[in-house]
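Each chain, written out:
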Amino acid sequence: MSASFPGEGAFFQRRGPFSLADVKQAIGLPRDHGAEEAVEYEGVAPLHTATKRHISFLDNRRYLPLLKETHAGAIVVSRAFADSVPSDTVPLVCESPYLAWSRVARLFHPIVPSRSVRHPSAIIGQNVEIGENVEIGPFVTIGDGARIGDGCVIAGHVAIGAAVEIGAGCRIGSHVTVSHAILGERVVLYPGVRIGQDGFGFAVGPDGFETVPQLGRVLLGDGVEIGANSTIDRGSMKDTVIGGGSRIDNLVQIGHNVTLGRCCIVVAQAGISGSTELEDFVTVAAQAGLIGHIHIGEKARVGAQCGVMSDVEAGADVIGSPAMPFREFFRNVATLRKLSRKKPS
Amino acid sequence: MSASFPGEGAFFQRRGPFSLADVKQAIGLPRDHGAEEAVEYEGVAPLHTATKRHISFLDNRRYLPLLKETHAGAIVVSRAFADSVPSDTVPLVCESPYLAWSRVARLFHPIVPSRSVRHPSAIIGQNVEIGENVEIGPFVTIGDGARIGDGCVIAGHVAIGAAVEIGAGCRIGSHVTVSHAILGERVVLYPGVRIGQDGFGFAVGPDGFETVPQLGRVLLGDGVEIGANSTIDRGSMKDTVIGGGSRIDNLVQIGHNVTLGRCCIVVAQAGISGSTELEDFVTVAAQAGLIGHIHIGEKARVGAQCGVMSDVEAGADVIGSPAMPFREFFRNVATLRKLSRKKPS
Amino acid sequence: MSASFPGEGAFFQRRGPFSLADVKQAIGLPRDHGAEEAVEYEGVAPLHTATKRHISFLDNRRYLPLLKETHAGAIVVSRAFADSVPSDTVPLVCESPYLAWSRVARLFHPIVPSRSVRHPSAIIGQNVEIGENVEIGPFVTIGDGARIGDGCVIAGHVAIGAAVEIGAGCRIGSHVTVSHAILGERVVLYPGVRIGQDGFGFAVGPDGFETVPQLGRVLLGDGVEIGANSTIDRGSMKDTVIGGGSRIDNLVQIGHNVTLGRCCIVVAQAGISGSTELEDFVTVAAQAGLIGHIHIGEKARVGAQCGVMSDVEAGADVIGSPAMPFREFFRNVATLRKLSRKKPS
């Protein structure tokens, strides 16, 4: 358990070293062709452990004190923090430092391309179409008629149901189950994700609940990522749809017939009940819950632990349970605190 | 990803066509033996995509505008909406339209009966009793002395522990683990469910926490269904019991020694702490949490995100954290809003 | 489904009988060498079902009425309840009755030691080091260069990634995935736990979100236990660290770079966002959520469903969303109730 730099050691593959010129190119900064640009770096590291052979990063004011003491060789920062960079450290000033940082890290740690490997223990059904350079791990099962696009990586213990379609470049983590679903390209499913099982639908019959057939599918757009152990039920009469580019964190529940637009964000342990619709660029923070059959407008932001019981307008910021505008919520908190101190008679 | 009707395509098996007479019989409507009853239908579809060859459904007032424009051949509705059914559409007026609808859908999409199939990769322990027409998928493990009733379907990658008993007609989804448990008949476990692991029990010892042996079981009654990735811990000194007919959604946590009565409903991401007891027909909405060692009376309803810290009477409706009657909760919300606007000094 | 005593039947191994002398020794009570100490007991049982051949337990005042009617042969109680023990029952009065009880139960139900067994279906990578008496179940996969310490039990369907290190005496439950992680000794992972996957990190790029490489690890200290289907993301630039002895319940989410000190408790469905730090002995109750980048002091207690948006001082008790001191929270509840009744104009 020896101390190490991030991305080092047996867990990670690393490329490099790369010169400052390479780094600038990766993040789109102008070159000046000075001697400095020939200096080579070995990797990335946080402010407090970085050496002159590392590139570091700051975008959270909270960590500003660490910046002043860093020994990093170069650092990606926004203009606001540039003046605080020590004189021995090369500032790499960017408009979007987190994005630039991400690309520097990716330069040293590129995604490992898939290989054409099929573990002999995998069980592949009939009429399955498998593209080129597809990696299929041990104990995988793929049902009849499924289609797996080029360059996919299917980790061990994955169960892909009959007729499922998976686009090119997808990465399916260990122990995932996918059924009744069509995945676009570059979809990433983390371990334990459950896609396409029956939604929670039943009617009250004379002898107890009767399960309502769930006849829709799950459609995941290009570039969608779903976090570990999250669950996405298939539609009942229409499809459950996650729009392209959306990012869903761990332990999230998406009910049947839910629609997410493009580039939505749903943070850990949030839940979206059946038939609710989110337009593009909606953010749902951790542990928030949305009831069913409501509509959330474009770019709306739902706060952590928020309980949303009715439609939310485009661009609105809501929090609280029941949900209300941010400002109103915090005003309520202040009001109640004040009134409690007065000990109302 | 071509548009399709629900239940069509490669993901679903479909029977039919069925005549209106068949449909009426399935839902218990009286026959009139008119020419109309000979018309055949191909399947079910939502209001906005249904053609004259489909049967559709409405029970949510929110979607009433769609009813007036539907091209469905027939539609299951309650009496309240019957007058809004277009003249070209046959109204199938039912007292319980959702139940009737469920049965129509089931007519076209019956549950596929289990076959007697054991995948050669499955690992079956010693003295395991397996009934007739049991389907056992790839990479399944079944421990010594387990008993699997007639007509069960055990999907791939399932792990059934030693001595577990599973009644007839159960369906165990992919990647489920079951140990220390006795399941009644027709139990359905969705993918990733965890049944029977140790509860969260430990005592404070001189050198840290010491795990308390968990010596109870999990008992699931007939017809219980448990949603994807939900977790049900076995009892510590008594059993954890889920009463017959109860429906548990995805990502729900049930602690050790919890007892649910018959036909309880627990919606996604709710959690019930150790030793709490729910009587029959209790509903716990999404993301609600119940502390341990409390008692929830028959037919009580616990609202979404509710935090229940004490007993709830039979028939009560509670919401909020801490829980309070629905009416009180919404009165509090209104009071606080009013006070905040007044800017109390 | 016949009635049974806890720990009996096919699901459990049991030792015994043990004499009262043995029991006293197990829990550190002084011997008096009376005839009573030769009486033998068969096992443990709850108050209402225990017979004279069982040892029972009470520490929750709620169950005091059961004590007066118990037929248990002996009972572990605190001094406060000793006078209520029936005359036919031997009182075993302890300062820490729950701990003592745990040890009595462990006497009858010791942890089964691991055997040296490797199921032939397991797939072990290259250069894997496996200690003595390691038990490896069916369909396990272990990546290249992993190290498994002496006495570990790896249940079926587990996936251990390349280079993962697992200390001696760990127990890894079914269907667990572990990657990019170093586990101390005696770590217990319950079924479906996900350790070491990418954290939820992405930057906004010109064409949508871009995943930020996650270059840290997960470090689990000695004696850590993680409940079923919980998820612990690996660090982005530093490690995610769970301190020795900490206990994490089911369906808990731990974000990247989070640090827990020693002997923390995190109850079911709670979530801790990225880079937040908990010192030693912090308790986070069920369904609580902590935002990222905050600091929780030693022995602080975060209540159920609490939403923590800022640092919490050592020893503080907070609850509510947003979090506030317990006392303030309940005063607020009382204030609001009072004001609502007055129907403010």
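In the nomenclature of an unreviewed UniProt entry, chain A is known as UDP-3-O-acylglucosamine N-acyltransferase of Saccharibacter floricola DSM 15669. UniProt lists a comment for chain A under the heading Pathway (unreviewed entry), and it reads "Bacterial outer membrane biogenesis; LPS lipid A biosynthesis."

Mind showing me how you'd approach the interface of chain A and chain B here?
The extent of an interface is frequently quoted as the accessible surface area lost upon association of the parts. With 73 residues of chain A at the contact, the number on the chain B side is 61 residues. It is F200, L215 and M237 of chain A that lose the most area in chain A upon contact with chain B, and together they represent 14% of the buried surface on that side. Between chain A and chain B we count 2 salt bridges in total. Connecting chain A to chain B are 31 residue pairs in polar contact (both at pLDDT 80 or more). For the side of chain A that touches chain B, the secondary structure elements donating two or more residues are β18 (181–183), β21 (202–205), β22 (208–211) and α5 (326–341) of chain A. Among the elements that take part in the side of chain A that touches chain B, α5 of chain A stands out by supplying 7 residues, more than any other. The residue inventory of the side of chain A that touches chain B, partitioned by class, reads 32 nonpolar, 30 polar and 11 charged.

Can you walk me through the pairing of strand β6 (residues 90–93) of chain C in this structure?
Looking along a regular strand, one sees side chains alternate from face to face of the sheet. Residues and elements named next belong to chain C. Here β6 shows a buried face lined by V90 and L92 and an unburied face lined by P91 and V93. In this structure, strand β5 (residues 74–77) lies alongside β6, joined through 4 bridges in parallel fashion. Across the sheet, residue V77 finds its bridge partner in β6, namely V93.

I keep staring at the interface of chain C and chain A and nothing clicks. Help me out?
At the junction of the two partners, chain C supplies 73 residues and chain A supplies 61 residues. Note on chain C versus chain A: buried area summed over both sides is about 5200 Å², and carbon and sulfur give 63% of it. Of all residues in chain C, the largest losses of buried area upon contact with chain A belong to F200, L215 and M237 of chain C, amounting jointly to 15% of the total for that side. If you look at where chain C meets chain A, you find 31 residue pairs in polar contact (both at pLDDT 80 or more). Of all the elements in the fold, those that place two or more residues in the side of chain C that touches chain A are β18 (181–183), β21 (202–205), β22 (208–211) and α4 (326–341) of chain C. Of the residues assigned to the side of chain C that touches chain A, the class counts are 32 nonpolar, 30 polar and 11 charged.

Even after reading the chapter, I still don't get the packing of helix α1 (residues 20–27) of chain C against helix α3 (residues 97–108) of chain C, so can you show me in this structure?
Axis angle and axis distance: for two packed helices, these are the angle between their axes and the distance between the axes, and together they describe the pair. All names here are of chain C. Contact geometry for α1 and α3: axes closest at 9 Å, N-to-C directions at 130 degrees. Between α1 and α3, the angle is such that the two are oblique. The handedness of the crossing between α1 and α3 is right-handed. For the pair α1 and α3, contact is made by D22, V23, A26 and I27 and by A100, R103, V104 and L107, respectively. In the contact of α1 with α3, the residues fall into 6 nonpolar, no polar and 2 charged.

What is the right way to read the relation of the copies chain A and chain B from this model?
Between the two copies of this chain, the relationship is a rotation about some axis together with a displacement along it. Structural alignment of chain A on chain B gives an RMSD of 0.0 Å, achieved by rotating through 120 degrees and translating 0.0 Å along the axis. What the superposition gives is, in effect, a three-fold axis relating one chain to the other. Take the interface residues of chain A: only 18% of them recur as interface residues in chain B, which is what a contact between different surfaces looks like.

Just to check I follow, could you spell out the UniProt feature "domain: Mannose-1-phosphate guanyltransferase C-terminal" (unreviewed entry) in chain A for this structure?
In this numbering, the UniProt entry assigns the feature "domain: Mannose-1-phosphate guanyltransferase C-terminal" (unreviewed entry) to residues 118–195 of chain A. In residues 118–195 of chain A, helix accounts for 0% and strand for 36%; the two terminal C-alpha atoms are 23 Å from one another.

Looking at this model, I keep getting lost on the pattern of salt bridges. Mind explaining?
Oppositely charged side chains can form a pair if their charged atoms are brought close together. By the definition in use, this model includes 42 salt bridges over all chains. Of the charged contacts, one joins R247 of chain C and E225 of chain C as a salt bridge, the two residues approaching to 3.3 Å between their closest N and O atoms. Taken together, the positions of R247 of chain C in strand β27 (residues 247–248) and E225 of chain C in strand β24 (residues 225–226) put the pair 22 residues apart, joining distant regions of the chain. With respect to burial, R247 of chain C and E225 of chain C carry one shared label: buried. One salt-bridge network, held together by shared partners, links K24, R31, D32 and E37 of chain A.

Any chance you could explain the sheet that holds strand β19 (residues 188–189) of chain A here in plain terms?
Hydrogen bonding along the main chain pairs the strands of a sheet, whether they run parallel or antiparallel. Read across the open sheet, the 12 strands follow the order β7-β10-β13-β16-β19-β24-β27-β30-β33-β36-β38-β39 (chain A); overall the sheet is mixed. Both outer strands of the open sheet, β7 (117–118) and β39 (324–325) of chain A, are each paired with one neighbouring strand and no more.

Hey, could you run me through the relation of the copies chain C and chain A in this one?
With an axial shift of 0.0 Å and an RMSD of 0.0 Å, the rotation relating chain C to chain A amounts to 120 degrees. Counting the interface residues of chain C, we find that no more than 18% of their copies in chain A are interface residues as well, pointing to two distinct contact surfaces.

Explanation requested: the domain arrangement of chain A in the structure shown.
When its domains are assigned, chain A resolves into domain 1 (18–108) and domain 2 (176–328). When each unit is reduced to the centre of its C-alpha atoms, the spacing between domain 1 of chain A and domain 2 of chain A is 38 Å.

Honestly, the side chain of Q214 of chain C in this entry has me stumped. Any pointers?
For Q214 of chain C, the location among the structural elements is in the loop between β22 and β23 (218–220). Relative accessible area serves as the criterion here: at 2%, Q214 of chain C is assigned to the buried category. A polar contact of 2.9 Å, which involves the side chain of Q214 of chain C, links it to the backbone oxygen of V212 of chain C. For Q214 of chain C, the contacting residues outside a window of four places in its chain are F12 of chain A together with D198, G199, G201, R234, G235, S236 and H256 of chain C.

What is the right way to read the packing of helix α5 (residues 326–341) of chain B against α4 of chain C from this model?
The interhelical angle for the contact between α5 of chain B and α4 of chain C, taken along N-to-C directions, is 90 degrees, at an axis separation of 9 Å. Classified by the angle between their axes, α5 of chain B and α4 of chain C sit roughly perpendicular to one another. Residues E328, R331, N332, T335, L336 and L339 of chain B of α5 of chain B form the contact with α4 of chain C, whose participating residues are L336, R337, L339 and S340 of chain C. Residue composition of the contact of α5 of chain B with α4 of chain C, by class: 4 nonpolar, 3 polar and 3 charged.

What exactly am I supposed to notice about the environment of L336 of chain C here?
Relative to the assigned elements, L336 of chain C resides in helix α4. For L336 of chain C, a relative accessible area of 11% gives the class buried. Setting aside anything within four residues of it in sequence, one finds L336 of chain C in contact with L336 of chain A together with N332, T335 and L336 of chain B.

So what exactly am I meant to see when it comes to the UniProt feature "active site" (unreviewed entry) in chain A here?
All names here are of chain A. In the numbering adopted here, UniProt assigns the feature "active site" (unreviewed entry) to H256. Of note, H256 is situated in the loop between β28 (253–254) and β29 (259–260). With sequence-adjacent residues up to four places away left out, H256 is seen in contact with G199, F200, G201, Q214, D233, R234, G235, S236, T240, G274 and S275.

Which parts of the structure should I look at to understand the confidence of the model for chain A?
Considering every residue of chain A, the mean pLDDT works out to 95; 98% of them sit at 70 or more. Scored as a complex, the prediction yields pTM 0.97 and ipTM 0.96.

Help me out: how do you make sense of the sheet that holds strand β6 (residues 90–93) of chain A in this one?
Residue and element names in this part refer to chain A. Overall, parallel pairing links the 4 strands, which are arranged β3-β4-β5-β6 in an open sheet. Lying at the two open borders of the sheet, with one neighbouring strand each, are β3 (43–44) and β6. Pairing of strand β4 (residues 54–57) with strand β5 (residues 74–77) involves 3 bridges; the strand directions are parallel. Following the sheet pairing, F57 is matched in β5 by V76. Strands β3, β4 and β5 of the sheet are contacted by helix α4 (residues 97–108), whose axis makes an angle of about 155 degrees with β4.

How do you make sense of a nonpolar patch on the surface when you look at a structure like this?
A contiguous nonpolar surface patch, about 290 Å² in accessible area, is contributed by I291 and M309 of chain A together with F326 and F330 of chain B. Residue position: I291 of chain A is located in the loop between β34 (289–290) and β35 (295–296).

I would appreciate a short explanation of the packing of aromatic side chains in the present structure.
All names here are of chain A. Counted according to the given criterion, the structure contains 27 aromatic pairs over all chains. Their ring planes at 85 degrees and their centres at 5.0 Å tell us that F329 and F330 sit as a pair that is edge-to-face. With a relative accessible area of 9%, F329 lands in the buried category. Through a chain of ring-to-ring contacts, the aromatic side chains of F57, Y98 and W101 assemble into a single cluster. The ring of F281 has K299 lying over it, and the distance from NZ or CZ to the ring centre is 5.8 Å.

Is there a simple way to think about α3 of chain C in this case?
Helical geometry: 3.6 residues make up each α-helical turn, so side chains three or four residues apart lie on a common side. Between its first and last C-alpha atoms α3 of chain C spans 17 Å; for 12 residues at 1.5 Å apiece the expected length is 16 Å, and the two agree. With 9 of 12 residues buried, α3 of chain C lies mostly within the body of the structure.

Criteria and cut-off values
- Residues numbered from 1 in each chain as written.
- Chains lettered and ligands numbered in written order.
- Predicted model: local features only at pLDDT ≥ 70, side-chain atom pairs only at ≥ 80, totals over all residues.
- Heavy atoms only, no water.
- UniProt positions renumbered as here; feature names shortened; annotations may be inferred.
- Contact = heavy atoms within 4.5 Å.
- Buried area = accessible area lost by both parts, 1.4 Å probe.
- Salt bridge = Lys/Arg side-chain N within 4 Å of Asp/Glu carboxyl O.
- Polar contact = N/O pair within 3.5 Å; in protein donor to acceptor, adjacent residues only side chain to side chain.
- Helix = DSSP H or I, 4+ residues; strand = E, 2+ residues; numbered from the N terminus.
- Nonpolar A, V, L, I, M, F, W, Y, C, P; charged D, E, K, R; others polar.
- Buried < 20%, exposed > 50% of the residue type's maximum accessible area, 1.4 Å probe, protein only.
- Pairing = 2+ DSSP bridges.
- Axes fitted to C-alpha atoms, helices over the stretch in contact; angles between N-to-C directions.
- Parallel < 35°, antiparallel > 145°, perpendicular 65-115°, else oblique.
- Left-handed = near helix turned anticlockwise from the far one by under 90°.
- Least-squares fit on C-alpha atoms with pLDDT ≥ 70 in both.
- Domains from an automatic or database assignment.
- pLDDT = per-residue confidence, 0-100.
- Patch = residues over 30% accessible without salt bridge, like charges linked within 9 Å, V, L, I, M, F, W, Y side chains within 5 Å.
- Areas by Shrake-Rupley, 256 points an atom, 1.4 Å probe, with all protein chains shown as cover.
- Phe/Tyr/Trp six-rings, centres within 6.5 Å; stacked < 30°, edge-to-face > 60°.
- Lys NZ or Arg CZ within 6 Å of the ring centre and 35° of its normal.
- Expected span 1.5 Å × (residues − 1).

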